[in-house]
Amino acid sequence: MTTVRHAVFAGARDALPLMIGTLPFGVIYGTTAVAAGLSPLAALAMSVIVFAGSAQFIAVSLISGGAALPVIWLTTFVVNLRHALYSATVHPAAHGWALRWRALVAFWLTDEVFAVIEKRLMERGNEALLPYALGAGGGFYLNWLTWTAIGAWLGQQFPDLAGWGLDFAMIATFAAMIAPQLRAPTPVVVALAAGTTAWLARGLPFKLGLILAAFAGVAAGVWMDHKRKTRAAAA
Amino acid sequence: MTVAALLAGMFLATYLTRASFLVFGHRLRFPPALKAALHHVPVAVLTAIIVPEALAPGGQVDVSVSNPWLVGTLVAAVVARLSGHLLLSLGVSFAVFGLMRWW
């Protein structure tokens, strides 16, 4: 019993630095969601039900841009598809877990929670991994809900925040997230293809241009990978 | 647009990816080509959101150095690229944006 409790605490403790790192994003998400027209309760409900930071951010910018529901759903799916990779990575270690625990860990499997679980998996194998994962996931979940609630409250207290350029906060955050990756040629080509397509297709209804641009960027990336592989094979 | 439909769809779109292997297990295999393609998704999607918002804030095309959205976004990108520090780059870009808008 004590090893279980220890593992739960260890998971929550190891997730703590990442929890602090998400503070500004949780608050900005909550504030912008309310500024985009969601009620504070709906903004919080999205964190409770969906629990996917980057997808929630993107959904809010799509909502304020007047996107259609299927575009928001499809974008959410595409943005979160990488989580299937996390699911596949944890799966071999989760063999003996009851279905309900696997289902719960899956619900909490964000980028950050996966990073914490994977590190533990590398260092300790699957020794007490389930309680550890529950501690990390549960801690991170409560953390995200707390910052979201504070942000939503701020958004409600200061309704003029929308006019203060919160839309800018969102795109500046995105720009700061991708800029460090633009060292290698492939991500630069991906960004150029996606950016150009998004610009040319910006007049399409329901923000469909975003989906087109995402596919153009990914296609350019796949093409670059292919080119590098054939060049490596020829050398 | 109803909030319930928005959240239900987003929940499914998110949970299906995370539950895929953990819940449905052995019957699945992750195609390597898809794995390689996924690698490019974040840069593609985020750039696709940034470009129209920075070059035409609120739908008004403004490709000039007096456009706070454009200049601020470039500042955020350059500082993040040089310093590798996310919060620093947000702080600097918010300051530049604020100065350009209200001074």
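Within any chain, residue numbers begin from 1 and follow the written order of that chain's sequence. The naming scheme follows written order: chains are lettered A onward, ligands numbered 1 onward. Given that this is a predicted model, residues contribute local features only at a pLDDT of at least 70 and side-chain atom pairs are listed and counted only at 80 or more, while totals for whole chains, interfaces and linings are drawn from all residues. No hydrogens and no water enter the side-chain calculation; it runs on all heavy atoms of the structure.

1. A short note on the UniProt feature "transmembrane region" (unreviewed entry) in chain B
Next up, step 1: UniProt positions are given in the numbering used here, feature names are shortened, and annotations may be inferred rather than shown by experiment. Those residues carrying the UniProt feature "transmembrane region" (unreviewed entry) are residues 69-99 of chain B in this numbering.
Next up, step 2: Helix and strand assignments follow DSSP, with helices taken as H or I runs no shorter than four residues and strands as E runs no shorter than two, numbered in order from the N terminus. Within residues 69-99 of chain B, the helical portion is 94% and the strand portion 0%, while the C-alpha atoms at the span's ends are 12 Å from each other.

2. A short note on the packing of helix H7 (residues 111-124) of chain A against helix H8 (residues 129-157) of chain A
Residue and element names in this part refer to chain A.
Next up, step 1: Axis geometry follows a simple rule: fit a line to the C-alpha atoms, using only the stretch in contact for helices, then measure angles between N-to-C directions, giving values from 0 to 180 degrees. Where H7 contacts H8, the axes come no closer than 9 Å and their chain directions differ by 155°. In terms of orientation, H7 and H8 fall into the roughly antiparallel class. Between H7 and H8 lies a crossing whose hand is right-handed. For the pair H7 and H8, the contacting residues are Glu 112, Val 113, Val 116, Ile 117, Arg 120 and Leu 121 in the first and Leu 129, Tyr 132, Ala 133, Ala 136, Gly 137 and Phe 140 in the second.
Next up, step 2: Residues are sorted three ways: Asp, Glu, Lys and Arg are charged, Ala, Val, Leu, Ile, Met, Phe, Trp, Tyr, Cys and Pro are nonpolar, and all the rest, Gly among them, are polar. The residue makeup of the contact of H7 with H8, split by class, is 9 nonpolar, 1 polar and 2 charged. Oblique is the label for any angle not covered by the other classes, which are roughly parallel (under 35 degrees), roughly antiparallel (over 145) and roughly perpendicular (65 to 115). By convention the crossing between two helices is left-handed if the near helix lies anticlockwise of the far one by an angle smaller than a right angle, and right-handed if it lies clockwise. Whether two residues touch is decided by their heavy atoms; if any such pair falls within 4.5 Å, the residues are in contact.

3. What about the pattern of salt bridges?
Next up, step 1: Between Lys or Arg on one side and Asp or Glu on the other, a salt bridge is scored when a side-chain nitrogen of the former is within 4 Å of a carboxyl oxygen of the latter. Counted according to the given criterion, the structure contains 5 salt bridges over all chains.
Next up, step 2: Asp 14 of chain A is the partner of Arg 13 of chain A in a salt bridge, and the nearest nitrogen-oxygen pair spans 3.5 Å.

4. Thoughts on helix H4 (residues 69-80) of chain A
Next up, step 1: Take the number of residues in a helix, subtract one, and multiply by 1.5 Å to get its expected span. Given a rise of 1.5 Å per residue, 12 residues ought to cover 16 Å, and the 16 Å separating the end C-alpha atoms of H4 of chain A matches this to within 8%.
Next up, step 2: Within H4 of chain A, the full set of buried residues consists of Leu 69, Val 71, Ile 72, Thr 75, Thr 76, Val 78, Val 79 and Asn 80 of chain A.
Next up, step 3: Of the surrounding secondary structure, the elements contacted by the buried residues of H4 of chain A are helix H3 (53-64), helix H5 (82-90) and helix H11 (208-234) of chain A together with helix H1 (3-24) and helix H3 (41-55) of chain B. For each residue, the accessible area found with a 1.4 Å probe, counting protein chains only, is set against the maximum for its type, and the residue is called buried under 20%, exposed over 50%, and partly exposed in between.

5. Observations concerning the packing of aromatic side chains
Next up, step 1: Working definition: rings of Phe, Tyr and Trp (its six-membered ring) pair if their centres are within 6.5 Å, and the pair is stacked with planes under 30 degrees apart, edge-to-face with planes over 60 apart, and tilted otherwise. In the structure shown here, the tally under the stated rule is 17 aromatic pairs over all chains.
Next up, step 2: Summarising the aromatic geometry, the rings of Tyr 29 of chain A and Phe 57 of chain A are spaced 6.5 Å apart at their centres and angled 50° between planes, so their arrangement reads as tilted. You can see Tyr 29 of chain A sitting in helix H1 (residues 2-35) and its partner Phe 57 of chain A sitting in helix H3, a full 28 residues away along the chain. By the burial criterion, Tyr 29 of chain A is buried, and Phe 57 of chain A matches it.
Next up, step 3: Relative to Tyr 141 of chain A, the ring of Phe 51 of chain A lies with its centre 4.9 Å away and its plane at 80°, an arrangement referred to as edge-to-face. Placement of the pair is Phe 51 of chain A in the loop between helix H2 (40-49) and H3 and Tyr 141 of chain A in helix H8, with a sequence separation of 90 residues. Accessibility assignment for this pair places Phe 51 of chain A and Tyr 141 of chain A in one class, buried.
Next up, step 4: Of the aromatic side chains, those joined through ring pairs into one cluster are Phe 51, Phe 107, Trp 108, Phe 140 and Tyr 141 of chain A together with Phe 11 and Tyr 15 of chain B.
Next up, step 5: Directly above the aromatic system of Trp 199 of chain A lies the positively charged group of Arg 202 of chain A, at a separation of 3.7 Å from the ring centroid. Whether a charge sits over a ring comes down to the Lys NZ or Arg CZ being within 6 Å of the ring centre and within 35 degrees of the ring normal.

6. A closer look at the domain arrangement of chain A
Residue and element names in this part refer to chain A.
Next up, step 1: Domains assigned within chain A are domain 1 (2-171) and domain 2 (182-235).
Next up, step 2: Each side of the interface is counted separately: domain 1 has 8 residues, and domain 2 has 5 residues.
Next up, step 3: Accessible surface is computed with a 1.4 Å probe, and the buried area is the amount of it that two parts give up when combined, taken over both parts together. Interface area, domain 1 with domain 2, both sides summed: about 590 Å², of which 84% is carbon and sulfur.
Next up, step 4: Pairs of N or O atoms are called polar contacts if they sit within 3.5 Å, as long as, within protein, a hydrogen donor faces a hydrogen acceptor (for residues adjacent in sequence, only side-chain-to-side-chain pairs). Linking domain 1 with domain 2 are 0 residue pairs in polar contact (both at pLDDT 80 or more), by the criterion used here.
Next up, step 5: Class assignment of the residues belonging to the side of domain 1 that touches domain 2 gives a composition of 5 nonpolar, 3 polar and no charged. For the domains described, the bounds stem from an automatic or database domain assignment.

7. Quick look at the domain arrangement of chain B
Next up, step 1: You can read the domains of chain B as domain 1 (1-30) and domain 2 (39-102).
Next up, step 2: Domain 1 of chain B and domain 2 of chain B are separated by 32 Å when their C-alpha centres are compared.

8. Observations regarding the packing of H11 of chain A against H3 of chain B
Next up, step 1: Here H11 of chain A crosses H3 of chain B at 140°, and the two axes come no closer than 8 Å. For the element pair H11 of chain A / H3 of chain B, the angle class is oblique. Read as a crossing pair, H11 of chain A and H3 of chain B show a hand that is right-handed. Facing Leu 210, Ala 213, Ala 214, Gly 217 and Val 218 of chain A of H11 of chain A, the residues of H3 of chain B in contact are Val 41, Ala 44, Val 45, Ala 48 and Ile 49 of chain B.
Next up, step 2: For the contact of H11 of chain A with H3 of chain B, the residue count by class is 9 nonpolar, 1 polar and no charged.

9. A look at the interface of chain B and chain A
Next up, step 1: Taken together, the 61 residues of chain B in the interface contact 80 residues of chain A.
Next up, step 2: Counting the surface lost from both chain B and chain A, the interface buries some 6100 Å², and carbon and sulfur atoms represent 79% of this.
Next up, step 3: On inspection of chain B and its partner chain A, the count reaches 0 salt bridges.
Next up, step 4: Scanning the region where chain B abuts chain A turns up 18 residue pairs in polar contact (both at pLDDT 80 or more).
Next up, step 5: Secondary-structure elements contributing two or more residues to the side of chain B that touches chain A are H1, helix H2 (32-38), H3, helix H4 (68-83) and helix H5 (86-102) of chain B.

10. A short note on the environment of Phe 11 of chain B
Next up, step 1: Inspection of the secondary structure puts Phe 11 of chain B in helix H1.
Next up, step 2: Sequence-wise, Phe 11 of chain B and Pro 68 of chain B are 57 residues apart; in three dimensions their C-alpha atoms are separated by 35 Å.
Next up, step 3: Setting aside its immediate chain neighbours within four residues, Phe 11 of chain B contacts Ile 49, Val 50 and Phe 107 of chain A together with Leu 16 of chain B.

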